Amino acid sequence: MSVKVNSAFASVLLAFGLLLPCQLGLPTTTNQGDRLIVFVPTRQAQLDWLELIHSQAGKPGEVGENVRFWFGPGLLNQETIVFVPGGDYGRLVAAIPSSQDTYSWWTVQKENLGKLVTGETRRSSDISSAYRTYQEILNFLDQTQSTCGSFCSVEKYGTSYEGRDLKLIKIGDDLPSKRIVWIDAGIHAREWIAPATALYFIDKIVQGYKSSDSTIKSMLDNFAFYIAPLLNPDGYVYSYTFTRERLWRKTRSAQAGGCYGVDLNRNFGYHWGGQGSSSDPCDENFRGSSAFSEPETRAVRDKLLAIRLRTISFITMHSYGQDWMVPYGYAYNVSVDNYAQMMRPVQAAADKLKSLGRNYDIGNSAVVTYPAAGASDDYAASIGVPYAHTIELPDTGQYRFLLPQSEIPELAWRRWRLSKSIWGTLRPLISQGMND
């Protein structure tokens, strides 16, 4: 997760960062009593305690064994957001250092997260009306291919640690002369809104093509889209199947010490092992034993290298935050050589969004959120993709990873309309960016 990014293919970007998505349908849960706690450390001792609890994740018997850090710990006077299972709340609260100030340095933001999860298993034939299972996602890709003929094709580009297919769909005439827009989602298991958004976009662009929509025709005249809606199927299935682990982030590969999983967005081979990543296999930001140690990142790497000379834009979707970011994010005070070029369409998109009541934070990813070495957008930029962007989808924090499905239909529809209307505005900027 992150909280707070970009692409020259802001038409697409918009169709994502703006397309607010498709979020629904959680399995039944027993997570009654789970809470979100917001800490704002004002003293070093408080920050040290948060870092200690963070280091205890997954370690039997420790206070922080089952605690999940959604954001932070970072700096003094900066929010750290912590998910606490109901059964661990008393033990954690008892361990919190007392404040020497006149106010408490922590507050419970949400008393019962289970209420956001329970009952969201409603299903529908509309792809955008529910969170889909892994198999439903694959079925949708295959069904889409069968109905749009040679205009679409599904490709297996790899296999996950647990043996699941990694698939993408190509939309548009895949001519050697045509530039490619790469879009992926679901690199973090708990960020369900990202795969849902990718599926929504696939459906809308294919249906628009079939109905001879002029805006979509313009998009597809210029680019071929490669959309991989689920980069981390093992983690997603685990999150979807075991309600106790709805907020699981990593993959499911076996690691030392009885721990599981690697943060795929710390496993790419550009400045691997740096800031924002962890060497602890139990940590949510565990970077893996080496760069590209995971089959999921190797599969993306190999595919990107095969198409990099044609790829003009790389877009990876996350949640939550409403942010639109560009590389490099491996450390503070570093950026791509073509930063100004990357930011032009992003700024145009953000301005349009602001006028429509949706504010996105934009800029360098380390500055907008925090440093994260080994990320996929940094890697894409490092191999020469002109526009590399990370989009943090809504919301901004009220529901975080659990945006209610009741908000999806209107928001998804509105964002699709926005993405189409902005295409005309951004097209000149995109064309200019391609020629810079």
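Residues numbered from 1 in each chain as written. Predicted model: local features only at pLDDT ≥ 70, side-chain atom pairs only at ≥ 80, totals over all residues. Heavy atoms only, no water.

Q: How should the overall build of the protein chain be read in this particular structure?
A: Secondary structure summary: the protein chain contains 13 helices and twelve strands in total. Within the protein chain, the fraction of its 436 residues that count as buried is 61%. On the protein chain, roughly 15900 Å² of surface is accessible, and the fraction owed to carbon and sulfur atoms is 49%. (Helix = DSSP H or I, 4+ residues; strand = E, 2+ residues; numbered from the N terminus. Buried < 20%, exposed > 50% of the residue type's maximum accessible area, 1.4 Å probe, protein only. Areas by Shrake-Rupley, 256 points an atom, 1.4 Å probe, with all protein chains shown as cover.)

Q: Explain the UniProt feature "active site" (unreviewed entry) in the protein chain to me, please; I cannot follow it from the model alone.
A: As recorded in UniProt, the feature "active site" (unreviewed entry) lies at Glu-392. Inspection of the secondary structure puts Glu-392 in strand 12 (residues 387-393). For Glu-392, a relative accessible area of 2% puts it in the buried group. Polar contacts involving the side chain of Glu-392 include one to the main-chain amide nitrogen of Ser-319, which spans 3.3 Å. (UniProt positions renumbered as here; feature names shortened; annotations may be inferred. Polar contact = N/O pair within 3.5 Å; in protein donor to acceptor, adjacent residues only side chain to side chain.)

Q: So what exactly am I meant to see when it comes to the environment of Asn-333 here?
A: Structurally, the position occupied by Asn-333 is in the loop between strand 10 (323-326) and helix 10 (339-355). Here the alpha-carbon distance between Asn-333 and Val-367, two residues 34 residues apart in the chain, equals 8.2 Å.

Q: Hey, could you run me through the packing of aromatic side chains in this one?
A: Each aromatic ring pair is described using two quantities: the centre-to-centre distance and the angle formed by the ring planes. Within the structure shown, the criterion is met by 19 aromatic pairs. Ring centres 5.8 Å apart and planes at 80° place the aromatic pair Tyr-270 and Tyr-330 in the edge-to-face group. One end of the pair, Tyr-270, is in the loop between helix 8 (233-241) and helix 9 (295-307); the other, Tyr-330, is in the loop between strand 10 and helix 10, with 60 residues separating them in the sequence. A relative accessible area of 21% places Tyr-270 in the partly exposed class. (Phe/Tyr/Trp six-rings, centres within 6.5 Å; stacked < 30°, edge-to-face > 60°.)

Q: Which parts of the structure should I look at to understand the state of the cysteines?
A: All told, the structure shown has two disulfides when counted by the stated rule. Two residues share a disulfide in this structure: Cys-259 and Cys-282, whose sulfurs sit 1.8 Å from each other. Within this pair, whereas Cys-259 is found in the loop between helix 8 and helix 9, its partner Cys-282 is found in the loop between helix 8 and helix 9, the two being separated by 23 residues in sequence. No difference in accessibility class separates Cys-259 from Cys-282, as the two residues are buried. Cysteine pairing for the protein chain, with bonded cysteines counted in sequence order: 1-2, 3-4. (Disulfide = S-S within 2.5 Å.)

Q: Looking at this structure, I do not really get a nonpolar patch on the surface. What am I missing?
A: Side chains of Leu-75, Tyr-332 and Val-367 sit close together on the surface and give an oily, nonpolar patch of about 320 Å² of accessible area. Positionally, Val-367 belongs in helix 11 (residues 365-368). Given the relative accessible area of 60%, Val-367 is considered exposed. (Patch = residues over 30% accessible without salt bridge, like charges linked within 9 Å, V, L, I, M, F, W, Y side chains within 5 Å. Salt bridge = Lys/Arg side-chain N within 4 Å of Asp/Glu carboxyl O.)

Q: Would you explain the pairing of strand 12 in this entry?
A: Burial runs high along strand 12: seven of the seven residues are buried. Residues Tyr-387, His-389, Ile-391 and Leu-393 of strand 12 are buried on one face, and the alternating residues Ala-388, Thr-390 and Glu-392, pointing to the opposite face, are buried as well. Here strand 9 (residues 311-319) runs beside strand 12; their pairing, made up of seven bridges, is parallel. In the strand pairing of strand 12, His-318 is matched with Glu-392. (Pairing = 2+ DSSP bridges.)

Q: How should I be thinking about the packing of helix 5 (residues 134-148) against helix 6 (residues 193-210) in this particular structure?
A: When two helices pack together, their arrangement is given by the angle between the helix axes and by the axis-to-axis distance. Their axes nearest at 11 Å, the elements helix 5 and helix 6 cross at an angle of 10°. Between helix 5 and helix 6, the interaxial angle falls into the category roughly parallel. On helix 6, the residues touching Ile-137, Phe-140, Leu-141, Thr-144, Thr-147 and Cys-148 of helix 5 are Leu-199, Ile-202, Asp-203, Val-206 and Lys-210. Counted by class, the contact of helix 5 with helix 6 contains seven nonpolar, two polar and two charged residues. (Axes fitted to C-alpha atoms, helices over the stretch in contact; angles between N-to-C directions. Parallel < 35°, antiparallel > 145°, perpendicular 65-115°, else oblique. Contact = heavy atoms within 4.5 Å. Nonpolar A, V, L, I, M, F, W, Y, C, P; charged D, E, K, R; others polar.)

Q: What am I meant to see in the sheet that holds strand 10 here?
A: Where strands meet in a sheet, backbone hydrogen bonds hold them as pairs that are either parallel or antiparallel. Here we have eight strands laid out as an open sheet, ordered 5-6-8-7-9-12-10-11, and mixed in their pairing. Unpaired on one side and paired on the other, strand 5 (152-159) and strand 11 (361-364) mark the two borders of the sheet. Looking at each pair of strands side by side, their axes are set apart by 20° on average, direction ignored. Here strand 6 (residues 165-171) pairs with strand 8 (residues 223-228) via three bridges, running antiparallel. Note that in strand 8 the partner of Ile-169 across the bridge is Ile-227.

Q: Where do I start with the environment of Gly-276 in this structure?
A: Mapping Gly-276 onto the fold places it in the loop between helix 8 and helix 9. When its relative accessible area of 34% is taken as the criterion, Gly-276 is described as partly exposed. Spatially, the C-alpha atom of Gly-276 lies 9.8 Å from that of Gly-74, the residues being 202 residues apart in sequence. Excluding residues within four positions of it along the chain, Gly-276 makes contact with Arg-266, Asn-285, Pro-371 and Ala-372.

Q: Honestly, the packing of helix 6 against helix 7 (residues 214-222) in this entry has me stumped. Any pointers?
A: At their nearest, the axes of helix 6 and helix 7 sit 8 Å apart, and the two run at 105° to each other. Between helix 6 and helix 7, the crossing angle belongs to the class labelled roughly perpendicular. Every residue of helix 7 that contacts helix 6 at Phe-201, Lys-204, Ile-205, Gly-208 and Tyr-209 is listed here: Ile-216, Met-219 and Leu-220. Looking at the contact of helix 6 with helix 7 residue by residue, the class counts come to six nonpolar, one polar and one charged.

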